[in-house]
Every structure is written in C-alpha cells, then in structure tokens.
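Chain and residue survey
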Amino acid sequence: MDYLQGLNPEQKAAVLQIKGPVMIIAGAGSGKTRVITYRVAHLIRSGVDSFNILVLTFTNKAAKEMRERINHIVGPEAKNIWMGTFHSVFAKILRVEADKIGYPNNFTIYDTDDSKSVIRAILKEMQLDDKLYNQNFVYNRISAAKNNLVGWQEYQNNDQIQADDFSSGRGMLGKIYETYAQRCFRAGAMDFDDLLFKTNELLKNHPDVLNKYQHKFKYLMVDEYQDTNFSQYLIVKRLAAVSENLCVVGDDAQSIYAFRGANIQNILNFEKDYPDLKVFKLEQNYRSTQNIVNVANSIIANNKDQLKKNVFSEKDSGDKIKVMRAFSDNEEGKMVAEAIMQQRSTNGLKWKAFAILYRTNAQSRSMEEALRKLNIPYKIYGGMSFYQRKEIKDLIAYFRLTFNPNDEEALKRVINYPKRGIGDTTVDRIIVAADRNQLTPFEVILQAPRYVEKAPASLMAFATMIQSFQVITKTLSAYDAALHIAQHSGLLKDLYDDKSVEGLNRYENIQELLNGIKEFSEREDIEEKGLEIFMQDVALLTNDDNDKNKDADTVSLMTIHSSKGLEFPQVHIVGLEENLFPSQMSLNSRSDLEEERRLFYVAITRAEYKLTISYATSRFKFGTLINCEPSRFLDEIDAKYLELDFSAKPAPAQSASFGDERSAWSRKPADAFSKPKPATAPPIKTTSILAKAHVPSAGFKPADTANLQVGMQVEHERFGFGKVISLEGNKPDVKATIFFKEIGQKQLLLKFAKLSIV
Ligand code: ATP
Ligand code: MG
C-alpha cells in the first residue's frame, strides 16, 4: 500500500476504516480533503467497483481536482466515480427519474434570475406592495422553506409560519409560494433548491427508486459537511441508510453558509444518527506556518459556539502577519499590487502563488485597477459566469425552448427578441389565456387565434419556428443545430448588425459559445453529445468550471466564500473594516457575528507562509466617500504575531511604538488616523468586472488582415499565443483558423478577433 505513504497515522486510520459511519471534524489544512481523496483511491484498490462510489464536494472544480488526483493513483477507473456538487449529482439523477414525480425528464433548471423573474410576475399580478414583498426577500423565504423541506402546502398549514407572516404584514407569502411552485411545475422547470427538495420527495415517496440508489452508492463521502443544509443532510442519510458506509469530513469553525440554511446541527445529528460512529481527529495543519495557525486559533477562540480542537503546525514559525493601512480603497489596491510585485521578484515566485481575498465582490474594482496599472495578470473567480451574460442567455433560451417549449421564462425572454412585433400586451394576454384554460403559454400560441384577440401572424410564425428547431435538433449534431438556431432565430444577425464595441463583444461571446458546443460535439469520452445533453446542466455551471485557462499564471481574486478548501503560498485579505468585515448585516446578533469570524478564520487559513491583512480609512460606497473604522477582528489577533506597515502617507503623528499603534487602529474615525476626507473627493470610476483573465500585453493592435499569413505567430487577448493554420474567405470577412497553445484550435472572424502579430 505504497500509495498511502503520504498520510500520517490518524489520516491513514481514517482511510483504512472503509466500513460503517465515519466522521472527521478537524481544523483547517489538516488533510480532510486529502483523506477523502486517498480513501476513494483505497476503496478502488481494495476491489470496490468505482461505479458504487459517490463523493459530494462543494464545487465542481474541487471534484475535478480530486478526480485528477485519484486518477494518478488508480488510473482511468477514476472516471466512473460519481463525484460533484449536490446540485450537479442530483440534477443528473433527476434527469433519469423526473417522470416519477410528474416532471418531464428534459426539465429546465431555472437559475436565480429566472426564479426572481417568476416572482416579479406573480407580485405584479397579485398587485402586492413591492416594499413589503421585495423580490429578494420573497425568493429567500421560499428558498429557506424548501431547504427545510417545507412545501407550499405545509407552509400554508403551519400555524407558527402563518402567525409570523401575518404579524409582519406579509400574510400573502404562502399564496405566492403556491403560485410560484405551480408556475415552475407548469413550465417543467426546477429551481436550484428544487434539485434537492425534489430529490428528497423522490427518495421519500418512491421506495423502489430509493432502493436502487442505496444499492448503487455503496460508499458515500461528503466534503465540507459543515456547510450542508437540512435538505442535503436528509438526502445523504436516506441514501446511506442500507450500507451505512458513510464518511463525512468538515470543520465547524469553517461553517460559513448559515445564511443559506447550512446547519451546525447536521454535525451534532450525525452523532445521534449513528451511535456506532467512528470519529477521527486530525490536529496537525500541513498547510501553514505556525504563526498563521496561531493567529487563526486566536481569532476563532473568540467564538462561543465551537467544538474544541487543538490545531498545530510543525512548520517554521514563519513571517509575522503583516498589517497594512491605506488611506483609501484605491491606495489599498496600490499597496497590495506593489507588495505582490515586490514579493514575486524577491522570491522568484509565480503570479499564481498569490491570492487576494475580499468580503464582497465590489471590492475587486480597486484591486483590479491597481493590478492592471502594474501589468499584473489576474483572474477573478466566482464572478459573473460566462453563461449569465445577456446574449448567451438569449441564445440558450432558444435552446431551452426547443427542448422544453413550456419553459415560460425562456419564452418570455425571446418571444420578441429579436423584435418581431409581439408586444408586452400580447404576451400578457397569452399568459392570462394560459391560466384560464389550464394550458401552457406555448400551447396557447400554437392556437393563438382561438385564445388571443387580434393575434398577430408573427405569433404563429414564432411557434412554427420553434417547432422547426425541434425537428432539426433530432438530426443535426449539437454544433450544427446550435448554429442553425443562432442564425434562423435572427439572433446572430441582430448582434452582427450592432457595430458598437459592446455589440462586437457580444458577437464574439456567441462565437465562443458555439466553439464550446463544437468542442463538446467532438468529445470522444462521452457517447451522447446532442445539443440537449450539452444544455442539461448549463444552468449549474459557474465561470470556474469550464475554465480553459486554469493553468495560466495569474494572481487569483475571489470572495472569501469562494476560497473555501483552497490554498495559496501568499494571501492578502483586504478591507478589514467595520461594516465591511464584519459586514454591517452581521452586527445585529452574536450568531451572525460569529459567522463573520469563521469567515475570517477561513480566509487566514488559506495562506501557506505569508499572510497580509489590509484596511483603508476611507472608501467609496455607492458613489460617496465614507470614513471607515478598522475591523474589530484586528484587535482580536494577539499582537505578538503582527508586523505593522503604516508607511502610507499621510502618516499619523503618533509614536511608532507597537502598543500605541495597536490601540490606534481601534480609535473612532474622529482621531488622527482617519481624518474625514474633503467633500471634493474624485468621483468613483466604474470598471466592468469581467470574469475572464486579464493578461497584459504590449498592447493589442487588431491584426492587419492584409499582413496575416498562414504560419504566423499571433497573440489573442484572451486565448493567448497561437499559430495561424489557415485563412479563408474574402475581405472583410476573412476567417482564420488558429491553433492556440492553451486551448487548441479555434476559428475566428478576423475583423472582430483581438489579435496581434508577434
Ligand atoms: P480545509 O479545511 O482548508 O478544507 P483540509 O483539512 O481539507 O483543509 P487538505 O486541503 O486536505 O486539508 O490539506 C492541506 C494541505 O496539507 C494540502 O496541501 C495537503 O496536500 C497537505 N497535507 C495534508 N496531509 C498531509 C500529510 N500527511 N503529509 C504532507 N502533506 C499533507
Ligand atoms: Mg478541504
């Protein structure tokens, strides 16, 4: 068992304990994820069929990385393991079983935007006050109910819930929930929470289905167990009920999703559910230096709600934790970018050794600006997904409608885009007619003259077009079908005709989507590769999942929430200010504040050997400059681990002695540290936060079509370096086929491509 050599005795014991329930609740960086990885490898080496293993991870990216590591040990068997997030794994199962609970197997997955749009429509129809019934509030309320497995009927019949709603003046929530659930059902759509809610319904009401999966998944493992909600907990419990071969790993100190319904109770329940549970303790942190581990421990010790753990590191004590003060958010960005630049050259590091972590997405702006100024390549993780861009969603709405014409959100999105003379009033009439006649909107459109007064001819033409798409997708490959739909819907032409910079960008994005579909239809490792299969889980993809440039050497920027489970040699945590971190919303209750503190703990423990924390004494918020007070979390760190960098000017008139400085950062804004800024501060600059890597270059000149020749080396703004393989077509529509080092072959329309000859 050579392959188990890289484990300490306790980790090894947990790996070898393959039968029965196992729980590992241990501190950050102690090898929990490593234990799962090795455990799966060990199961397969011990003769367990790889098809019988289910591993639930927190992100698809984590699953992918784990699979790669297992593949190193056991080879191609690794590809048969069921591994992924709760949502992706159970969406896959629901695709097979949906008919049992009355859904079509080609159900649509509504993303958050779709769900909110349904809610908005309902609120409008019911003529409710949009302050009391704010769409986000309603969405969260329904989401919380589903994650606690409270269906709309139960919601309406539960005295406590009803009393709460009525006393807050929101007595209609139950009715909204009912209408929402029915609308989704009629549209053949499930929202994100349904993927878990309906899985529970399926497993509860269909013993034959439950039995099938209980026997399929003989071994179950769950990473980041502290962040599962009740709905997830119950799915795992049901599936593991026969084999009881269930191993969960997590860290209560890293539970950071209570706002989404994650529940520490799931850890405590586990002990009750399985009295013969084997518990393993991992105490040694292999990731970070002693200083970093000690700082993390000293922070988390301020929380009352926590399981006792002793986490230690045997690495060097390492550098002290640096605290940098800036006078504005832009200056903070500059200091961070310069520090990274300096560390990189002094220590000969790669850019990817660095991560910048922040509490809120908005903070990335000042960081991005500063990094760009110094030509530092970076990538934002967890930003807006490629699949959330408007033009991509528009084309995908056509695909969705093709496979599920009842998909109401997709229908509303494109029925009059590109413009075909179908106005809002007509759409409203269709929806009303559908409600009245118990039909779906698409069924109404098919027989429009019967139901809609003055039905425009374009309505029927639209329906006929969608039906023609249904026919062609049966015979054409995914790529040909997608291209056909993009062209015949008029979408491609609409974007092509828009010659603005944004328009060209959108056109390029569609081209990128089509290229992605082409790659998909040429994949050799999967059998079914129709457009329908490509479409199935698009709603669940984030921009990190299909990251083609994952090995690119870039600094990583992300929120602390998305940094869970990851590690970087050097980490910057920025924006340590009251009302930002801890966030303003967390200041009302101890439990919320404790969650913020756990978030800080997560951030600190991502760092391997160098951690820098920074704060600004003023910052733009919603376009106005406000004064900021340093975070209380700074005071909670034992001073002996800290090194201060207050070099930014204007320097305060205080003595530089350590004790003075430490108390100084907790003074009120009126003191010398955070002088109110003049009202004439520069206006906020808005920079679009793009979810793609920014790789600086000497400056992109559009390639001169006349000069470009086969065999030339080129650089593309996003795809990197490549070589021209062929050129076809006439000016100005010359298309170049280019082989890019990072991502392979692509065909680009030269007039749009951001290429330079190198
Ligand atoms: P987190 O709580 O942040 O999710 P974790 O407990 O899952 O952390 P891992 O990510 O599995 O910890 O491990 C942290 C780091 O320590 C990884 O780089 C891992 O490879 C390394 N590591 C873990 N155990 C050992 C070991 N026995 N020997 C050497 N390195 C180890
Ligand atoms: Mg982990």
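Residues numbered from 1 in each chain as written. Chains lettered and ligands numbered in written order. Predicted model: local features only at pLDDT ≥ 70, side-chain atom pairs only at ≥ 80, totals over all residues.

**Some remarks on the sheet that holds strand S13 (residues 378-380)**
A sheet is described by the order of its strands in space; here seven strands give the open sequence S13-S14-S12-S15-S16-S11-S19, paired in parallel fashion. Only two strands of the sheet have a single neighbouring strand rather than two, namely S13 and strand S19 (642-645). Each neighbouring strand pair of the sheet contributes to a mean axis angle of 20°, computed without reference to strand direction. In this sheet, strand S16 (residues 607-616) lies alongside strand S15 (residues 568-573) in parallel orientation, the contact comprising five bridges. Residue Ile573 lies in a different strand from S16, and its bridge partner there is Ile613. (Pairing = 2+ DSSP bridges. Helix = DSSP H or I, 4+ residues; strand = E, 2+ residues; numbered from the N terminus. Axes fitted to C-alpha atoms, helices over the stretch in contact; angles between N-to-C directions.)

**Quick look at the site of ligand 1**
The full set close to ligand 1 counts 18 residues, and Gly31, Lys32, Thr33, Arg34 and Tyr286 are the nearest of them. Ranked by the residues each element gives to the shell around ligand 1, the list is headed by helix H2 (residues 32-45), at three residues. Of the residues assigned to the shell around ligand 1, the class counts are three nonpolar, ten polar and five charged. (Near = placed C-beta within 6 Å. Nonpolar A, V, L, I, M, F, W, Y, C, P; charged D, E, K, R; others polar.)

**As for the UniProt feature "domain: UvrD-like helicase ATP-binding" (unreviewed entry) in the chain**
The residues that UniProt annotates with the feature "domain: UvrD-like helicase ATP-binding" (unreviewed entry) are residues 5-289. Taken end to end, residues 5-289 has its terminal C-alpha atoms 23 Å apart, with 52% of it in helix and 12% in strand. (UniProt positions renumbered as here; feature names shortened; annotations may be inferred.)

**A closer look at the sheet that holds strand S20 (residues 713-716)**
Taken in spatial order, the five strands of this open sheet run S23-S22-S21-S20-S24, and their pairing is antiparallel. Among the strands making up the open sheet, the edge pair consists of strand S23 (744-749) and strand S24 (755-757). Across the sheet, the mean angle separating the axes of adjacent strands is 40° when strand polarity is ignored. In this structure, strand S22 (residues 735-740) lies alongside S23, joined through six bridges in antiparallel fashion. Directly across from Phe739, in S23, lies its bridge partner Gln745.

**A few points about helix H17 (residues 390-403)**
Over its 14 residues, H17 runs 20 Å from end to end, which matches the ideal 20 Å to within 8%, given 1.5 Å per residue. Of all 14 residues that make up H17, twelve are buried, and the element is covered over most of its length. Within H17 the residues assigned to the buried category are Glu391, Lys393, Asp394, Leu395, Ile396, Ala397, Tyr398, Phe399, Arg400, Leu401, Thr402 and Phe403. (Expected span 1.5 Å × (residues − 1). Buried ≥ 20, exposed ≤ 12 C-beta atoms within 10 Å, placed from the backbone.)

**Remarks on the nonpolar core**
Core analysis: the largest hydrophobic core is formed by 82 residues, its most contacted members being Ile24, Val40, Val55, Tyr177, Tyr180 and Leu220. Examining the composition of this core, we find that seven residues originate from one element, H2, more than from any other. Counting residues in each nonpolar core, the second largest holds 55 residues, with Met335, Tyr358, Ala370 and Ala603 among its members. (Core = buried A, V, L, I, M, F, W, Y, C linked by C-beta atoms within 7 Å.)

**Looking at unusual backbone geometry**
The linkage connecting Tyr417 with the following residue, Pro418, adopts the cis geometry, with an omega of -10°. Among the secondary structure elements, Pro418 is positioned in the loop between helix H18 (408-414) and helix H19 (424-437). The step from Phe581 to Pro582 runs through a cis peptide bond, and the omega angle for that step is 10°. Counting through the fold element by element, Pro582 comes out in the loop between S15 and helix H27 (590-604). Despite not being glycine, Asn375 shows a phi value in the positive range, around 60°.

**Observations regarding the pairing of strand S14 (residues 555-559)**
For S14, a buried count of five out of five residues is recorded, marking the element as mostly surrounded by other parts of the structure. Pairing analysis gives three bridges linking S13 to S14, with the strands arranged parallel. Opposite Lys379, over in S14, you have Ser556 as the bridge partner.

**Things to note about the confidence of the model for the chain**
Residue-level pLDDT values for the chain average 87, and 91% of them are 70 or greater. Per-residue pLDDT stays below 50 along residues 651-664; that stretch engages in 16 contacts with residues further than four places along the chain or on separate chains. Here the predicted complex carries an ipTM of 0.99, next to a pTM of 0.80. (pLDDT = per-residue confidence, 0-100. Contact = placed C-beta atoms within 7 Å.)

**Looking at the packing of helix H5 (residues 112-125) against helix H6 (residues 135-147)**
Interaxial distance between H5 and H6 falls to 10 Å at its minimum, and their mutual angle equals 115°. The angle between H5 and H6 falls in the class roughly perpendicular. By crossing handedness, the relation of H5 to H6 is classed as right-handed. Together, Ser115, Lys116, Ile119, Arg120 and Leu123 of H5 and Gln135, Val138 and Tyr139 of H6 make up the contact between the two elements. (Parallel < 35°, antiparallel > 145°, perpendicular 65-115°, else oblique. Left-handed = near helix turned anticlockwise from the far one by under 90°.)

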